[in-house]
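Residues per chain, in single letters:
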Protein chains: 4
Amino acid sequence: MALTAAQLQELAEAKAARAETRRPTVPALEAMLFEPVPVLDHGFVRVVDYMGDDAAVVQAARVSYGRGTKAVLEDRGLIRYLMRHRHSTPFEMCEIKYHVKLPIFVARQWIRHRTANVNEYSARYSIMDREFYLPAPEHLAAQSASNRQGRGEVLQGAEAAHVLDLLREDSLRNYDHYQEMLNADEEGKVLDPARQGLARELARMNLTLNAYTQWYWKTDLHNLLNFLSLRGDPHAQYEIRAYAEVMMASLEAWVPAVAEAFRDYRLGAVTFSAQMLEVVKRLLAGEAVEQAGSGLSRREWRELMEQLGRPA
Amino acid sequence: MALTAAQLQELAEAKAARAETRRPTVPALEAMLFEPVPVLDHGFVRVVDYMGDDAAVVQAARVSYGRGTKAVLEDRGLIRYLMRHRHSTPFEMCEIKYHVKLPIFVARQWIRHRTANVNEYSARYSIMDREFYLPAPEHLAAQSASNRQGRGEVLQGAEAAHVLDLLREDSLRNYDHYQEMLNADEEGKVLDPARQGLARELARMNLTLNAYTQWYWKTDLHNLLNFLSLRGDPHAQYEIRAYAEVMMASLEAWVPAVAEAFRDYRLGAVTFSAQMLEVVKRLLAGEAVEQAGSGLSRREWRELMEQLGRPA
Amino acid sequence: MALTAAQLQELAEAKAARAETRRPTVPALEAMLFEPVPVLDHGFVRVVDYMGDDAAVVQAARVSYGRGTKAVLEDRGLIRYLMRHRHSTPFEMCEIKYHVKLPIFVARQWIRHRTANVNEYSARYSIMDREFYLPAPEHLAAQSASNRQGRGEVLQGAEAAHVLDLLREDSLRNYDHYQEMLNADEEGKVLDPARQGLARELARMNLTLNAYTQWYWKTDLHNLLNFLSLRGDPHAQYEIRAYAEVMMASLEAWVPAVAEAFRDYRLGAVTFSAQMLEVVKRLLAGEAVEQAGSGLSRREWRELMEQLGRPA
Amino acid sequence: MALTAAQLQELAEAKAARAETRRPTVPALEAMLFEPVPVLDHGFVRVVDYMGDDAAVVQAARVSYGRGTKAVLEDRGLIRYLMRHRHSTPFEMCEIKYHVKLPIFVARQWIRHRTANVNEYSARYSIMDREFYLPAPEHLAAQSASNRQGRGEVLQGAEAAHVLDLLREDSLRNYDHYQEMLNADEEGKVLDPARQGLARELARMNLTLNAYTQWYWKTDLHNLLNFLSLRGDPHAQYEIRAYAEVMMASLEAWVPAVAEAFRDYRLGAVTFSAQMLEVVKRLLAGEAVEQAGSGLSRREWRELMEQLGRPA
């Protein structure tokens, strides 16, 4: 996240600017505006702009003429009702815009959230930074034995060291060759006037998937919650979860009542199938239910017992 | 557009509020905020919130760290380039939210723009206002003879008067029966304690399509331009065009450089097919081209000559 | 649902046609193709085309080269896994297209599902049919006292009869005036050569919201499930639920394994908030929990007890 | 595009299968079904399924009861009208599904088309193939001097050879290290039982952006045309254009009337701004217009003269 002097200057100016507005304004989020919050080794998330607040959700749900902020308690109740019953349109009435720096393999997961606006740094047009994600030792995990798309224990000792060496050396070598093919350095200065240099749109293909890219990403609050719910989940890959956690903090600052309802009714919620609910009812009636007679597969049984905090 | 005292009070409070913000702010649009601009006989459009400005388009296109407002002239050039080459994503980085009151048959055209966020006043939950669109005399047009979905001359005299009488009487009678079925007045007060009253979600079906509804409608700038381009077009039905024109004025206040580029490259632009372009080239070469040998159908020929300002 | 002789002829021809294809084909759905299934008093739903089947979901989830139908049991297991964990993209790989005739007030709810393709019959271009929805006596319900957007008991006797009279008379009178203003009958024949007739796009505004319109509606399987889940729910308005039920039958014929998983994990499922789950755990541990000490609002407590089949 | 014996067997079975259907069927596209058409050095495009045909566009535009194929000439005229006036919804009524193998840097451009359904091969779950895109000598272009995101001349001699060596060696070395870190070969067989192996979701980050991935990609015809228009354009990067060209061939086979209208009114069309049209009119009136007095910037003037086939 090494910013140039010019970038730091731009940030400082943006942060120093003040204007008067009639729009809904959230001081807690204003305090965060423009400031890059570090994520992973070279990434960041910074809030660039926002529209609306908790009251804007209520205002839209009621199609009201004013701001409707008179009764904060009542607003909180309505927001909780809307979240519990999975209403979506009132939450679409708030919008937030982030500037994010992230490894390409994370960007490839992230972009699958289609209902968002994106402007990405163009490697056809510009030269990429010499920055690569290298996992911290505690995140260098082995393949999980039980979950084909998960992680197991953390690698140790020589194996860990060797893996890190390979990742580092390959990233840097490929980047050096990228510049060599471009015949240009990071600022675009020609290296060897006798050569032409490969087109940027081709040379970039030599970069590794841990290279950092960046983008502006703008979404409405409803789709932000979907993003946070999926990517903040313990089953999400750690590297994208790290971004979701920082964005969760901006959510708390921005729309505290929505964030609270989101934690209660989405993040902490469980969904039981018809058959699972039947098992819960039988258990509540004092029956001794076992997987065999439960109507659930072994996998579902295990999932249910885990959620109920009981031995499987 | 008769607002209640409570609504006027809410509006006045919203307009009086001021806060300090670090966000991009557009004074010309701030001056318009919250104020309902009348459209048709009882409708309105009011801007409720916005995100971004001309510079935000540039900032996103460049994925820059700051606001990038130093060189207004350069920004204008980039905006014109982006518009001319139909780039869309940088324009998606601005967002605007309107509160609109509009006849239901207009709402049915409008809602076809799917890439927007909408919260509509619920006739399942609430009682509709006693307001109906009745065309002004100059908009009471006959069916076009040449265009199956267009208008011809304005109706005159007895026919016009009769049509207006029918529209007015049917709207009002149906509304009166709506309240009678509901067994409630506009404020929900029960009319006859001996009756139950039909469910709101059913009674509403007796209303006519010129009844006014209202909604919050939020969209990004790119999709707003698509809306204005389609609905501000002379071929659009007058009643929705009246809304587009008011929104065009908010566009000019909000993002003047984008609005200028939009007028030049979208509103005033023409598209020629491969065959039409061929005809233009032959004409420029001094050839006397006629429809017969032009490769164009009669309809296309007529369209082309019209756009070139020549007799067909 | 009175079809003209020409329409019946078209239907018969479409149904009689046969072709050979290499595409996945579902005989049970083929048998339903093109046949209008009546809904409400004049509406219908008919399946016009489809793409994919149960195996296509599996094939996409595996990004496989062939059809992957060898192990039906294994396919079913994967489909249930995908549904349980709310995977969406594999279900987007199937597509279905309906032709629907429906009252305008139902169409206005339906169109809120934005991720679908729609072509609606144009009342700017064509003349609307003389058909209106009138509730059957058992659906003529009073406003619910407890739920502002729900129905209570069925209206009886004189009140019911009066309501039906009003609905019928207003619909027909307004339609007659619609034709009078158009100066044309249902086939477009001019009524009075001395008059011009109001433009179609204006005259339509005199119609009531129970007039029938029709459209082609096409969606992917994932979004169809969202539609069925929301509109097939007991809280949905009866009139749209009637359509959802007919479409549910086409789902069962088309993708039986997906339909089964959908019933188990979506339709019959319940979602408990973090606090609700805590209450369930305490109850399972034998504790006597009451609303007061549950951390739930009265409303939430009532909802939870209802789902657990316990007295509130 | 080396397929395994099992994959070839699956393909052969899919191609051999035949079923009877009542759905619209296009023999020319049926003949192409399932067959991978090679693109670049290891990629392919194959059509996996489709819905609709030329007549389905007409059928939806007319909201008709039957197939409406009686008058092919009339259908062609309507399709041309719809395309010329940029109607979109009737074209959304056809759908096509592809299986594509493509380099990751191409996939990153492609995925920006948001209105499509995608299932991509998961590198969290599976091991990637040892296949990388290496440009053919005639596509190994230098950076353009005039266009920051374009290509110039083809690299020659030693520089070309060196660039290709770097690309090849880096791709293969990084892949070998990927397997070494995974501690597994392409089929997932453990290499060294004494080691754990890095999680797949982490090891993949060592791959280069020219590694091949694959996905199922499904879209409606309207959005396919947008894709082909943008990605088949001479300004698109060659590597994605190569895919667009193969897909254009499937379009011609599938919906020949739509493809013809698309070539005439979209691919071959030009758009002139209000100012450009003014210049054309002045030229047609015999005036000698020059850039200075044209109201156009130098860049716009050059673009206009190019399109009119005149010296700038």
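Residues numbered from 1 in each chain as written. Chains lettered and ligands numbered in written order. Predicted model: local features only at pLDDT ≥ 70, side-chain atom pairs only at ≥ 80, totals over all residues. Heavy atoms only, no water.

- An unreviewed UniProt entry lists chain A under the name Flavin-dependent thymidylate synthase, from Teichococcus coralli.
- Word for word, the UniProt comment on chain A under Subunit (unreviewed entry) is "Homotetramer."
- Recorded in UniProt for chain A, the comment headed Function (unreviewed entry) runs: "Catalyzes the reductive methylation of 2'-deoxyuridine-5'-monophosphate (dUMP) to 2'-deoxythymidine-5'-monophosphate (dTMP) while utilizing 5,10-methylenetetrahydrofolate (mTHF) as the methyl donor, and NADPH and FADH(2) as the reductant." (UniProt positions renumbered as here; feature names shortened; annotations may be inferred.)

### With respect to the sheet that holds strand β8 (residues 212–220) of chain B
Residue and element names in this part refer to chain B.
Here comes step 1: On the basis of which strands lie adjacent, the open sheet formed by five strands has the order β2-β3-β4-β8-β5 and antiparallel pairing. Of all the strands in the sheet, the pair left with one neighbour each is β2 (37–39) and β5 (117–120). Neighbour-to-neighbour, the strand axes of the sheet open up by a mean angle of 25°, direction not taken into account.
Here comes step 2: Where strand β3 (residues 43–51) lies against strand β4 (residues 95–103), seven bridges are found, and the strand directions are antiparallel. In the sheet register, Met51 faces β4, and the bridge partner there is Glu95. (Pairing = 2+ DSSP bridges. Helix = DSSP H or I, 4+ residues; strand = E, 2+ residues; numbered from the N terminus. Axes fitted to C-alpha atoms, helices over the stretch in contact; angles between N-to-C directions.)

### What about the packing of aromatic side chains?
Here comes step 1: Within this structure, the stated rule accounts for 34 aromatic pairs over all chains.
Here comes step 2: Plain terms: the ring middles of Tyr175 of chain B and Tyr178 of chain B are 5.3 Å apart, the flat faces sit at 55° to each other, and that makes the pair tilted. Residue Tyr175 of chain B and its partner Tyr178 of chain B are located together in helix α6 (residues 157–182), separated by three residues, close to a single helical turn.
Here comes step 3: On the accessibility criterion, Tyr175 of chain B (0% relative accessible area) is buried.
Here comes step 4: For the pair Trp110 of chain C and Trp217 of chain C, a centre-to-centre distance of 5.5 Å together with 85° between the ring planes defines the contact as edge-to-face. Of this pair, Trp110 of chain C sits in helix α5 (residues 104–110) while Trp217 of chain C sits in strand β8 (residues 212–220), placing them 107 residues apart in sequence. Comparing Trp110 of chain C with Trp217 of chain C shows no difference in burial state: the two are buried.
Here comes step 5: By way of ring pairs, the aromatic residues Trp110, Trp215, Trp217, Phe227 and Tyr243 of chain A are connected into one cluster.
Here comes step 6: Sitting over the ring of Tyr125 of chain C, Arg148 of chain B keeps its end group 4.2 Å from the ring centre. (Phe/Tyr/Trp six-rings, centres within 6.5 Å; stacked < 30°, edge-to-face > 60°. Buried < 20%, exposed > 50% of the residue type's maximum accessible area, 1.4 Å probe, protein only. Lys NZ or Arg CZ within 6 Å of the ring centre and 35° of its normal.)

### Some details on the side chain of His113 of chain D
Here comes step 1: Within the secondary structure, His113 of chain D is located in the loop between α5 (104–110) and β5 (117–120).
Here comes step 2: Once residues lying within four places of it in the same chain are set aside, the contact partners of His113 of chain D are Asn226, Phe227, Leu230 and Arg231 of chain D. (Contact = heavy atoms within 4.5 Å.)

### Description of the relation of the copies chain D and chain B
Here comes step 1: In screw terms, the move from chain D to chain B is a rotation of 180° and a rise of 0.0 Å along the axis, fitting with an RMSD of 0.0 Å. Taken together, the rotation and translation relating the two chain copies correspond to the operation of a two-fold axis. Identified as the residue of chain D closest to the rotation axis by C-alpha distance is Thr271 of chain D, at 2.1 Å.
Here comes step 2: Of the residues that chain D buries at the interface, 100% are likewise interface residues in chain B, meaning the two copies contact each other through the same surface. (Least-squares fit on C-alpha atoms with pLDDT ≥ 70 in both.)

### Details of the UniProt feature "active site" (unreviewed entry) in chain A
All names here are of chain A.
Here comes step 1: Listed under "active site" (unreviewed entry) in the UniProt record, and renumbered for this structure, are Arg231.
Here comes step 2: Relative to the assigned elements, Arg231 resides in helix α8 (residues 221–231).
Here comes step 3: A relative accessible area of 17% means that Arg231 is categorised as buried.
Here comes step 4: Residues within four places of Arg231 in sequence aside, it is in contact with Gln109, Arg112, His113, Ala236, Ile240, Arg241 and Ala244.
Here comes step 5: At 3.2 Å, the side chain of Arg231 and the backbone oxygen of Gln109 are in polar contact. (Polar contact = N/O pair within 3.5 Å; in protein donor to acceptor, adjacent residues only side chain to side chain.)

### A short note on the sheet that holds strand β2 (residues 37–39) of chain C
All names here are of chain C.
Here comes step 1: Pairing within the open sheet is antiparallel, and its five strands lie in the order β2-β3-β4-β8-β5. Edge positions in the sheet fall to β2 and β5 (117–120), since each of these pairs with one other strand and no more. On average, each strand axis in the sheet is tilted by 25° relative to the strand beside it, whichever way the strands run.
Here comes step 2: In this sheet, β8 lies alongside strand β4 (residues 95–103) in antiparallel orientation, the contact comprising nine bridges. The partner of Glu95 across the bridge, within β8, is Asp220.

### Some details on the packing of helix α11 (residues 274–284) of chain D against helix α12 (residues 298–308) of chain D
All names here are of chain D.
Here comes step 1: For the pair α11 and α12, the least separation of the axes is 11 Å and the interaxial angle reads 55°. As the angle between them shows, α11 and α12 are arranged oblique. Here α11 runs over α12; the crossing is right-handed. Within the contact between the two elements, α11 uses Met276, Val279, Val280 and Leu283 and α12 uses Glu300, Trp301, Glu303, Leu304, Met305 and Leu308. (Parallel < 35°, antiparallel > 145°, perpendicular 65-115°, else oblique. Left-handed = near helix turned anticlockwise from the far one by under 90°.)

### Details of the relation of the copies chain D and chain A
Here comes step 1: Rotating chain D by 180° and moving it 0.0 Å along the rotation axis overlays it on chain A with an RMSD of 0.0 Å.
Here comes step 2: Both copies share a contact surface, since 100% of the interface residues of chain D are interface residues in chain A too.

### Quick look at the interface of chain D and chain B
How big an interface is tends to be reported as the loss of accessible area on association of its parts.
Here comes step 1: With 30 residues of chain D in contact, the opposing surface of chain B contributes 30 residues.
Here comes step 2: Of the roughly 2,700 Å² buried at the junction of chain D and chain B (both faces included), carbon and sulfur atoms supply 52%.
Here comes step 3: Counting the contacts that link chain D with chain B gives six salt bridges.
Here comes step 4: For the salt bridge of Arg114 of chain D with Glu92 of chain B, the shortest nitrogen-to-oxygen distance reads 2.8 Å. (Buried area = accessible area lost by both parts, 1.4 Å probe. Salt bridge = Lys/Arg side-chain N within 4 Å of Asp/Glu carboxyl O.)

### Focus: the nonpolar core
Here comes step 1: Counting 162 residues, the largest nonpolar core has Trp110 and Leu221 of chain A together with Trp110 and Leu221 of chain D as the members making the most contacts within it.
Here comes step 2: In terms of residue count, the dominant contributor to this core is helix α9 (residues 238–254) of chain D (11 residues).
Here comes step 3: Setting aside anything within four residues of it in sequence, one finds Leu221 of chain A in contact with Val57, Phe91, Cys94, Leu251, Trp254, Val255 and Val258 of chain A.
Here comes step 4: Core analysis: the next-biggest nonpolar cluster, separate from the first, contains 161 residues, Tyr50 and Phe91 of chain B together with Val57 and Leu224 of chain C among them. (Core = buried A, V, L, I, M, F, W, Y, C linked by side-chain atoms within 4.5 Å.)

### Let's talk about the pairing of β4 of chain C
Look at any regular strand and the pattern is simple: side chains alternate between the two faces of the sheet.
Here comes step 1: The buried fraction of β4 of chain C is high, at nine of nine residues.
Here comes step 2: Burial along β4 of chain C is two-sided: the residues Glu95, Lys97, His99, Lys101 and Pro103 of chain C and Ile96, Tyr98, Val100 and Leu102 of chain C are all buried.

### Let's talk about the packing of helix α8 (residues 221–231) of chain B against helix α10 (residues 256–267) of chain B
All names here are of chain B.
Here comes step 1: Where α8 meets α10, the axes come as close as 12 Å, and the angle between the chain directions of the two elements is 45°. The angle between α8 and α10 places the two elements in the oblique class. Judged by the sense of rotation from one axis to the other, the crossing of α8 with α10 is right-handed. In this structure, α8 contributes Leu221, Leu225, Asn226, Leu228 and Ser229 to the contact, and α10 contributes Val258, Phe262, Arg266 and Leu267.
Here comes step 2: In the contact of α8 with α10, the residues fall into six nonpolar, two polar and one charged. (Nonpolar A, V, L, I, M, F, W, Y, C, P; charged D, E, K, R; others polar.)

### Let's talk about the environment of Ala261 of chain C
All names here are of chain C.
Here comes step 1: Locating Ala261 in the fold gives a position in helix α10 (residues 256–267).
Here comes step 2: A relative accessible area of 0% means that Ala261 is categorised as buried.
Here comes step 3: Not counting the four nearest positions on each side in its chain, Ala261 is found in contact with Ile79, Arg80, Met83 and Arg266.

### Overview of the UniProt feature "binding site: dUMP" (unreviewed entry) in chain A
Here comes step 1: When the UniProt feature table is mapped onto this chain numbering, "binding site: dUMP" (unreviewed entry) sits at Gln109, Trp110, Ile111, Arg112, Glu120, Tyr121, Ser122, Ala123, Arg124, Arg204 and Arg231 of chain A. Taking the farthest pair of C-alpha atoms as the criterion, the annotated set spanning 123 residues is dispersed, since that pair is 28.8 Å apart.
Here comes step 2: Structurally, Arg112 of chain A can be placed in the loop between α5 (104–110) and β5 (117–120).
Here comes step 3: Under the relative-accessibility criterion, Arg112 of chain A is labelled partly exposed at 23%.
Here comes step 4: Excluding its chain neighbours within four sequence positions, the residues that come into contact with Arg112 of chain A are Arg231 of chain A, Thr89 of chain C together with Ile111 and Val118 of chain D.
Here comes step 5: In this structure, Ser122 of chain A sits in the loop between β5 and β6 (141–143).

### Description of the domain arrangement of chain A
Here comes step 1: In terms of domains, chain A is made up of domain 1 (1–130 + 215–269), domain 2 (134–209) and domain 3 (274–308).
Here comes step 2: On a C-alpha basis, the centroid separation for the pair domain 1 of chain A and domain 3 of chain A is 38 Å. (Domains from an automatic or database assignment.)

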